[in-house]
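Residue-level structure breakdown
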Amino acid sequence: MYDPKSMKADEFIDHGEIMETLAYADQHKKDAALIDSILEKAKLRKGLTHREASVLLACELEDKNQEIFKLAEQIKKDFYGNRIVMFAPLYLSNYCVNGCTYCPYHAKNKHIPRKKLTQDEIRAEVIALQDMGHKRLALEAGEHPTMNPIEYILESIETIYSIKHKNGAIRRVNVNIAATTVENYRKLKEAGIGTYILFQETYHRATYEQLHPTGPKSDYAYHTEAHDRAMQGGIDDVGLGVLFGLELYRYEFAGLLMHAEHLEAVFGVGPHTISVPRLCPADDIDPGEFDNGISDDIFAKIVACIRVSVPYTGMIISTRESPKVRERVLHLGVSQISGGSRTSVGGYVEPEKEEESSAQFDVSDRRTLDEVVRWLMEMDYIPSFCTACYREGRTGDRFMSLCKSGQISNCCLPNALMTLKEYLMDYAAPETRRIGEELIAKNMNDIPKEKVRKIVEERLDKIAYGERDFRF
Ligand code: SF4
Ligand code: SF4
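Residues numbered from 1 in each chain as written. Chains lettered and ligands numbered in written order. Predicted model: local features only at pLDDT ≥ 70, side-chain atom pairs only at ≥ 80, totals over all residues.

Thoughts on the site of ligand 1
Around ligand 1 lies a shell formed by Cys96, Asn98, Cys100, Cys103, Tyr105, His106, Gly142, Glu143, Ala178 and Lys217. Here the shell around ligand 1 is composed, by residue class, of 5 nonpolar, 3 polar and 2 charged. (Near = placed C-beta within 6 Å. Nonpolar A, V, L, I, M, F, W, Y, C, P; charged D, E, K, R; others polar.)

Structure representation (structure tokens):
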């Protein structure tokens, strides 16, 4: 029985409700009057239910689809301006006891090199990341009770935060590790993590069980209820995601939004981020073996529909996607991207040789961070290295209420400009710096309050003279 307030996975992600939603969406995919009324509701920027959102996703009326894209772009502009937050993944270990059939780290893969970074190796990787200009990391590790216990993750987080190399610092560590206990989530919270991210992979229970034949991850309910336990452990920023390509995308989309509704209903705060990875090639993984791959056009529509359905939730895209696809979805709603990523264990200090690759997936966007930064700026986006909210205690419902009142945008633009200035001073190539200085000057005029503008001007000068880490 569908109940968004239930703490049981099968009740807040109720299969029957998803099937009815899909049938309803199918029935109304050409219903112009209904689609208009949903679009009117979406324009209020208070979000949509999974049923309403599913109708938009199914919509087959070309003019209405164009309206959905236009509205997504508008909402993106209103909430996020032209800022794009930058981050990089850091893989700590690819030892894993699970049997996920779509991931090359599955336990039965005997030929992929298994690696686990020591604390010294982590230090070296983090210095390399700092020297690129990164301030925000997403930690990744396979699930392995003896190789990657929680103590190892906690020690690694402490190591990462402790490294101050030249002007570099990692100011926010997000964590993407296997579902765990409330007690362990509490420990992660105490270690000062930003967002806890866990991808559902697929919301379809039967498919989930087929794709996860062995290991602790095969427990659908334990995995699906992990965000609840994270919240109970005090982590109030959690991230959702599915791996598009495993199941029918409409099913996943409805499940994703139901999960967001559940978090909102139980904890009063929806997901902090939603990630939209698509299945892509990797060591012993051929995406062609999975039947539900989605085209770039459908992918763009999913991004647009998420944007209009959960306007306050950040949306993340990785280097799995090509520059072309990334460019397209940036306009439609993506607010965070990775740059210069290595998806192997280690690899920032020295790239791995292809034949020794420990990568989780093949990267499509192979540009350096500086190239990505320049590319964004040439499209008039402001690459932002801001981590202010989490460090100012603006998390969970406090963060969401600032988002909903629109006040957060008073902080985002000044912080984006100041952190970009730091990047330009410390890490940018000369041409990137030139473009960036122009971009900063141009965007100063968009800071609405004169008093804030003056403070930012002063701080930009101070950054030029070597001071760092200003924030609103
Ligand atoms: S997806 Fe995660 S849990 Fe599954 S095999 Fe890969 S690393 Fe292990
Ligand atoms: S001020 Fe907060 S919401 Fe805005 S970019 Fe910085 S961390 Fe994100």
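Topic: the pairing of strand β7 (residues 314-317)
Of the two faces of β7, the one holding Gly314 and Ile316 and the one holding Met315 and Ile317 are both buried throughout. Across 3 bridges, the pairing between strand β6 (residues 273-275) and β7 is parallel. Paired with Ile274 across the strands is Met315, a residue of β7. Between the parallel elements β6 and β7, the chain passes through helix α13 (residues 296-309) in a crossover that is right-handed. Both β7 and strand β8 (residues 336-338) contribute to a ladder of 2 bridges, which runs parallel. Counted as the bridge partner of Ile316 is Gln336 from β8. Since β7 and β8 lie parallel, the crossover through helix α14 (residues 323-332) that links them has a hand, and here it is right-handed. (Buried ≥ 20, exposed ≤ 12 C-beta atoms within 10 Å, placed from the backbone. Helix = DSSP H or I, 4+ residues; strand = E, 2+ residues; numbered from the N terminus. Pairing = 2+ DSSP bridges. Right-handed = clockwise from strand over helix to strand, strands pointing away.)

A look at the domain arrangement of the protein
Split by domain assignment, the protein resolves into domain 1 (9-76), domain 2 (81-366) and domain 3 (406-464). A separation of 29 Å is found between the C-alpha centroids of domain 2 and domain 3. In this complex, domain 2 contributes 6 residues to the contact, which on the side of domain 3 involves 8 residues. Residues of the side of domain 2 that touches domain 3, tallied by class, amount to 1 nonpolar, 3 polar and 2 charged. (Domains from an automatic or database assignment. Contact = placed C-beta atoms within 7 Å.)

Some words on the environment of Ser405
Considering the arrangement of structural elements, one finds Ser405 in the loop between α17 (396-404) and α18 (409-426). For Ser405, a count of 9 C-beta atoms within 10 Å translates into the label exposed.

Comments concerning the packing of helix α15 (residues 369-378) against helix α19 (residues 430-444)
Close contact between α15 and α19 brings their axes to 10 Å; oriented N to C, the two are set at 35 degrees. As α15 packs across α19, the resulting crossing turns out to be left-handed. Between α15, through Asp370, Val373, Arg374, Met377 and Glu378, and α19, the contact on the second element is made entirely by Glu431, Thr432, Ile435, Gly436 and Leu439. (Axes fitted to C-alpha atoms, helices over the stretch in contact; angles between N-to-C directions. Left-handed = near helix turned anticlockwise from the far one by under 90°.)

Comments concerning the site of ligand 2
Residues in close proximity to ligand 2 include Val85, Ser384, Cys386, Thr387, Ala388, Cys389, Ile408, Cys411, Cys412 and Asn415, which together make up its full environment. Of all elements in the fold, only α16 (388-391) and α18 reach the threshold of two or more residues within the shell around ligand 2. At 3 residues, α18 tops the list of elements feeding residues into the shell around ligand 2. Grouping the constituent residues of the shell around ligand 2 by class yields 7 nonpolar, 3 polar and no charged.

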